[in-house]
Amino acid sequence: MASPLRLFRSAPRIANLTCYQRRHVSAFGYTQAKALVYSAYGEPSTVLKLHSHSLRPAYDEEILIKFLASPINPADINQIEGVYPAKPELTIALGTPEKSAVGGNEGVVEVVSVGANVKGYKPGDRAIMKHTSFGTWRTHALAKDENLLRIPDEFKDISPLSAATISVNPCTAYRMLKDFADLEEGDWFIQNGANSGVGRAAIQLGKIWGLKSVNVIRERPDVDALKKELMDLGADIVVTDAELQSRGFYWEMQEKTQGKGIKLGLNCVGGKATHYLIKCLGEGGHVVTYGAMSKQPLNLNASSLIFKDIHAHGFWVSRWSDRNPEAKAEMVAEIFRFIQQGKFKEVPFEKTIWNSDSTEEQLVGAVAKSGQAFGNKKQVFVFEE
Ligand SMILES: NC(=O)c1ccc[n+]([C@@H]2O[C@H](COP(=O)([O-])OP(=O)(O)OC[C@H]3O[C@@H](n4cnc5c(N)ncnc54)[C@H](OP(=O)(O)O)[C@@H]3O)[C@@H](O)[C@H]2O)c1
């Protein structure tokens with residue numbers, strides 16, 4: 001009779017399931033899994049499907065992981081729409097009728113079991129994704145060391161929500177504050193989209209490093225509540241777009257910076273908002289564009305570049321992380337320490353519990369909700385048995 005291991009080896013890698021059972025591991029050691037997949041680019045609520053499949057036990061260098069939490073970020077939506085530069089390969093690896101990819105790029109996982117040749121991981125360890133495009137909106141996956149950044153044991157107390165949302169937004173804010181302008185304690189930076197995940201991280205990191213921030217948000221009915229929220233997080237000034245554009249504001253900032261203007265602007269929005277951000281910068285100032293939430297081309301006038309010597313940059317954390325894996329691990333550890341010290345809070349979030357009863361409608365609904373204006377909360381899948 002064939003040994004159980006031989007049976008696993010000769011069995012097809014993924015078997016389709018007709019129904020999802022509460023028990024995750026079958027008598028043969030197969031794990032029953034679910035994933036939100038897409039086979040064509042388009043509007044997420046139209047193209048995302050909930051797919052059930054089974055995974056064989058981890059073999060050789062494989063690591064069987066289960067997801068604990070995965071956020072829904074704007075880039076995930078752009079990726080499904082087909083307008084994001086990082087595109088996961090569409091494959092039939094999960095046994096889908098058509099070639100497909102799993103949605104989501106960020107998340108935290110727990111190791112369930114490891115293959116015989118895995119070094120450095122044991123069941124119960126936690127990890128975040130090392131690169132973009134792994135596909136994190138799923139209950140389980142077979143991964144390899146190259147896909148994961150193991151969370152050191154000293155950070156085991158970090159909540160899954162904090163860990164799941166650390167590698168994109170806080171790391172982006174960290175690099176933009178450190179790498180573009182030579183900021184010293186007491187210097188100012190300005191940012192639009194200040195209530196975004198990146199914006200909130202920049203406020204907090206800026207505060208830790210002794211920087212002062214001007215934070216631009218969109219007008220809304222509850223604007224004072226949001227202003228207070230950002231001030232409580234460590235913002236020095238919070239203004240609406242209209243307040244930023246008033247003549248008095250420019251002179252106020254000139255006075256606060258002793259006539260030098262602000263050294264760094266972080267641009268989440270694009271379009272006209274960029275113009276008003278740059279207006280506040282001093283000579284030789286830097287503007288770093290990392291988002292394009294308005295979907296409008298940058299409004300960057302020639303006189304800013306010629307007469308004010310403004311330096312315009314772009315930043316993409318995925319590229320930076322791929323080029324600097326060790327520095328990325330150090331940066332993540334530093335932010336984890338800030339969390340442990342109570343200096344850094346995760347973004348406000350709205351949980352969607354993903355368990356065996358969750359329906360496609362509920363899960364896809366959470367994705368649709370993530371793009372809503374003035375949502376002010378990150379949508380996050382939290383996985384439960
Ligand atoms: N380049 C990189 O490496 C990198 C890394 C991380 C994120 N990003 C990008 O950064 C941006 C923010 O990401 P996130 O995860 O921090 O976002 P988030 O937490 O989901 O927040 C979205 C932000 O965008 C604002 N917004 C939405 N639609 C807008 C519009 N039409 N005009 C102006 N503002 C608008 C929202 O303001 P309201 O509350 O007023 O709606 C909110 O401040 C996205 O474009 C994302 O792709 C880039």
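Residues numbered from 1 in each chain as written. Predicted model: local features only at pLDDT ≥ 70, side-chain atom pairs only at ≥ 80, totals over all residues. Heavy atoms only, no water.

Labelled according to an unreviewed UniProt entry, the protein chain appears under the name enoyl-[acyl-carrier-protein] reductase, originating from Pyronema omphalodes. Its UniProt record, at the heading Subcellular location (unreviewed entry), says of the protein chain: "Mitochondrion". (UniProt positions renumbered as here; feature names shortened; annotations may be inferred.)

A.B. asks: I would appreciate a short explanation of the domain arrangement of the protein chain in the present structure.
C.D. replies: How big an interface is tends to be expressed through the accessible area that disappears when the partners come together. Under the domain assignment, the protein chain is made up of domain 1 (4–165 + 346–383) and domain 2 (169–317). A separation of 34 Å is found between the C-alpha centroids of domain 1 and domain 2. Each partner contributes residues to the interface: domain 1 has 13 residues there, and domain 2 has 12 residues. For the pair domain 1 and domain 2, the number of links is 0 salt bridges. Linking domain 1 with domain 2 are 3 residue pairs in polar contact (both at pLDDT 80 or more), by the criterion used here. Its residues placed into classes, the side of domain 1 that touches domain 2 shows 8 nonpolar, 3 polar and 2 charged. (Domains from an automatic or database assignment. Contact = heavy atoms within 4.5 Å. Salt bridge = Lys/Arg side-chain N within 4 Å of Asp/Glu carboxyl O. Polar contact = N/O pair within 3.5 Å; in protein donor to acceptor, adjacent residues only side chain to side chain. Nonpolar A, V, L, I, M, F, W, Y, C, P; charged D, E, K, R; others polar.)

A.B. asks: Please clarify how unusual backbone geometry should be interpreted in this entry.
C.D. replies: Excluding glycine, residues mostly have negative phi values, and the peptide bonds linking residues are mostly trans. With phi around 75°, Ser-133 is a residue other than glycine that occupies positive phi space. Inspection of the secondary structure puts Ser-133 in the loop between strand S7 (126–129) and strand S8 (140–143). When its relative accessible area of 21% is taken as the criterion, Ser-133 is described as partly exposed. Backbone geometry at Lys-295 places phi at a positive 60°, although glycine is not the residue there. (Helix = DSSP H or I, 4+ residues; strand = E, 2+ residues; numbered from the N terminus. Buried < 20%, exposed > 50% of the residue type's maximum accessible area, 1.4 Å probe, protein only.)

A.B. asks: Even after reading the chapter, I still don't get the packing of aromatic side chains, so can you show me in this structure?
C.D. replies: The description of two aromatic rings rests on the distance between their centres and on the angle between their planes. Following the criterion strictly, the structure yields 10 aromatic pairs and no others. Between Tyr-250 and Trp-251, the aromatic rings sit 4.9 Å apart at their centres with planes inclined by 80°, giving edge-to-face as the arrangement. A residue is classified by how much of its surface remains accessible, and Tyr-250, at 28% relative accessible area, is partly exposed. Aromatic ring contacts, followed pair by pair, group Phe-67, Trp-137, Trp-354, Phe-381 and Phe-383 into a single cluster. The aromatic ring of Trp-209 is capped on one face by Lys-178, whose charged end is 4.2 Å from the ring centroid. (Phe/Tyr/Trp six-rings, centres within 6.5 Å; stacked < 30°, edge-to-face > 60°. Lys NZ or Arg CZ within 6 Å of the ring centre and 35° of its normal.)

A.B. asks: What exactly am I supposed to notice about the state of the cysteines here?
C.D. replies: Think of a disulfide as a covalent bridge from one cysteine sulfur atom to another cysteine sulfur atom. For the structure shown, the criterion picks out 0 disulfides. In this structure Cys-268 is not part of a disulfide, and its nearest cysteine sulfur, from Cys-280, lies 17 Å away. The class for Cys-268 is buried, based on a relative accessible area of 7%. Residue class for Cys-280 comes out buried when judged on its relative accessible area of 4%. (Disulfide = S-S within 2.5 Å.)

A.B. asks: Explain the site of the ligand here, please?
C.D. replies: If you check the shell around the ligand, you find 26 residues, and the closest are Asn-195, Arg-220, Phe-315, Val-317 and Lys-378. Contacts to the ligand include Tyr-290, whose backbone N or O atom sits 3.0 Å from a nitrogen atom. Between the ligand and Lys-378, the relevant distance is 2.7 Å, taken from an oxygen atom to a side-chain nitrogen or oxygen of the residue. In isolation the ligand has 920 Å² of accessible area, and contact with the protein removes 84% of it. Looking at the shell around the ligand, the elements with two or more residues in it are helix H3 (74–81), helix H5 (169–179) and helix H6 (197–208). Taken together, the residues of the shell around the ligand sort by class into 14 nonpolar, 9 polar and 3 charged. A domain split of the shell around the ligand shows at least three residues from each of domain 1 (4–165 + 346–383) and domain 2 (169–317). (Near = heavy atom within 4 Å. Areas by Shrake-Rupley, 256 points an atom, 1.4 Å probe, with all protein chains shown as cover.)

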